[in-house]
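Structural features, examined
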Amino acid sequence: MSAVIDKSMVQDINLNVLRRVDSDIEQVLGTAAHVCLYAMTMDNPVWERKNIEGSLFLLKRRTSPRFQLAVLNKLSTENYTETIHGAFDVEISSPYLMYTLGDGMVHGIWFYDEQELDKIASLLNRVKAGLPKPDVHPVSLQGEMASASAASADDGAFWDKQVPAAAPPAAAPPAPPAAVG
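A brief structural summary. (Residues numbered from 1 in each chain as written. Predicted model: local features only at pLDDT ≥ 70, side-chain atom pairs only at ≥ 80, totals over all residues. Heavy atoms only, no water.)

Here we take up unusual backbone geometry. For the bond from Ser 64 to Pro 65, the omega torsion is -5°, close enough to zero to count as cis. Along the chain, the position of Pro 65 falls in the loop between strand E2 (48-61) and strand E3 (67-73). Omega for the peptide link from Ser 94 to Pro 95 comes to 10°, which places this bond in the cis form. On the secondary structure map, Pro 95 appears in the loop between strand E5 (89-93) and strand E6 (96-100). (Helix = DSSP H or I, 4+ residues; strand = E, 2+ residues; numbered from the N terminus.)

Laid out in structure tokens, this is it:
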């Protein structure tokens, strides 16, 4: 006989686990059962897989920073958190959510479930819409962005750049465990 666990119970369990890591977490706004993280720099535009894979959570906190993305990492003891702020730029290229923080790095999150990608992207855009916009980009990027804009007809955004694709992995990431509830 298998136990039936409702969604609210799963949400409560997730919130309790996350609060062990960060007691200031107020609410889980959204979740994705399985993601993998990638990164590249503008100096070396090749995607590199990070050693981060697991469940993703969009969090609202009681204290600053008010909003964060967190991944409970299954590959190591180091979890991943990213603060959501006004310079957080998001682009969707299904099944990836790509973002930059205005620091010359582009981050990619691969989602196992594209419906979860759509939900998280929508929530991120709603959160970001309520945050103040930065007045200027970081000093280290101002010259780079100006030359990129002048050199091409695009708007200089990271997602408009042609990026060579890294060789695909030998096998797709493993399927996440069956959802509970």
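Let's shift gears to the sheet that holds strand E4 (residues 80-83). Pairing between the strands of a sheet is mediated by backbone hydrogen bonds and can be parallel or antiparallel. With respect to topology, seven strands assemble into an open sheet ordered E4-E3-E2-E1-E7-E6-E5, the strand pairing being antiparallel. Looking at the sheet topology across the chains shown, the edges are occupied by E4 and E5. Strand-to-strand twist of the sheet, defined as the mean angle between neighbouring strand axes without regard to direction, takes the value 30°. Relative to E4, E3 is paired through four bridges, and the arrangement is antiparallel. Looking at the pairing, Leu 69 lines up with Glu 82 of E4. Relative to the sheet, helix H1 (residues 7-21) contacts strand E1 (25-41), E2 and E3, its axis offset from that of E1 by approximately 65°. The sheet contacts of helix H2 (residues 114-129) involve E1, E2, E3, E5, E6 and strand E7 (105-111), and relative to E1 the element is tilted by about 105°. (Pairing = 2+ DSSP bridges. Axes fitted to C-alpha atoms, helices over the stretch in contact; angles between N-to-C directions. Contact = heavy atoms within 4.5 Å.)

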